[in-house]
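# Summary of the model geometry
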Amino acid sequence: DPVEAAHRWMNDNYHRPIDLLGDQLTDLALLRITDNLSYFYLRAHHVLFDGYGAYNFIRHIAAAYSGSVG
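All of these numbers come straight from a predicted model, not from anything done at the bench. (Residues numbered from 1 in each chain as written. Predicted model: local features only at pLDDT ≥ 70, side-chain atom pairs only at ≥ 80, totals over all residues. Heavy atoms only, no water.)

### What about the overall build of the chain?
- Scanning the chain from terminus to terminus reveals two helices and two strands.
- Each helix and strand of the chain, placed in order from N terminus to C terminus, yields the pattern α-β-β-α.
- Computed over C-alpha atoms, the radius of gyration of the chain comes to 14 Å, more than 25% over the 11 Å expected from 2.2 N^0.38 for 70 residues, which places it beyond the range of a compact globule.
- On the principal axes, the C-alpha backbone points of the chain span a range of 40 × 35 × 15 Å.
- For the chain, the residues scored as buried account for 14% of the 70 residues in total.
- For the chain, long-range pairs separated by at least 24 residues make up 37% of all intrachain contacts whose partners lie at least 6 apart in sequence.
- Roughly 5,500 Å² of accessible area belongs to the chain as shown, and the carbon and sulfur atoms make up 57% of that amount.
- Between the mean site of the 5 positive side-chain charges and the mean site of the 8 negative ones, the chain shows a separation of 4 Å. (Helix = DSSP H or I, 4+ residues; strand = E, 2+ residues; numbered from the N terminus. Rg over C-alpha atoms; globule rule 2.2 N^0.38 Å. Buried < 20%, exposed > 50% of the residue type's maximum accessible area, 1.4 Å probe, protein only. Contact = heavy atoms within 4.5 Å. Areas by Shrake-Rupley, 256 points an atom, 1.4 Å probe, with all protein chains shown as cover. Lys, Arg positive; Asp, Glu negative; His and termini not counted. Charge placed at Lys NZ, Arg CZ, Asp CG, Glu CD.)

Here you go:
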């Protein structure tokens, strides 16, 4: 089941501890499930984003993905 596999991958990635000195502080993925369904996954450590910054970043990604940004 592709949806279950995507959820499992995202959940596993989300719960993996991050080493601030040795790991990437962001993880991005676009998981294509079917022709009509994709999941955008973003994991970013809070030292990189506050709530306002995260909101603006996600809003820009959504606009770009939907085609509303030129």
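### As for the side chain of N13
- In this structure, N13 sits in helix α1 (residues 2–15).
- Overall, the relative accessible area of 9% leaves N13 in the buried class.
- Beyond its immediate stretch of four places on either side in the chain, N13 contacts D27, Y41 and R43.

### Brief notes about α1
- A rise of 1.5 Å per residue sets the reference length of α1, with its 14 residues, at 20 Å; its end C-alpha atoms lie 20 Å apart and thus fit the reference within 8%.
- Residues A6, M10 and N13 constitute the buried set of α1. An end-on view of α1 places all buried positions within 65° of arc, on one side of the element.
- Where α1 is buried, its residues touch β1 (26–34) and β2 (37–44).
- Measuring from the backbone nitrogen of V3 back to the side-chain oxygen at the start of α1 gives 3.3 Å, which picks out D1 as the cap. (Expected span 1.5 Å × (residues − 1). Arc of directions from axis to C-beta. Polar contact = N/O pair within 3.5 Å; in protein donor to acceptor, adjacent residues only side chain to side chain.)

### Digging into a nonpolar patch on the surface
- Where nonpolar side chains cluster on the molecular surface, the patch consists of L28, L30, F40, I58 and Y65 and spans about 510 Å² of accessible area.
- Of all elements in the fold, only β1 and α2 (51–66) reach the threshold of two or more residues within the nonpolar patch. (Patch = residues over 30% accessible without salt bridge, like charges linked within 9 Å, V, L, I, M, F, W, Y side chains within 5 Å. Salt bridge = Lys/Arg side-chain N within 4 Å of Asp/Glu carboxyl O.)

### Describing the pattern of salt bridges
- Enumeration over the complete set of coordinates arrives at three salt bridges.
- A salt bridge links D23 to R16; its shortest N-O distance comes to 3.8 Å.
- Among the residues examined, D23 registers a relative accessible area of 31% and is labelled partly exposed.

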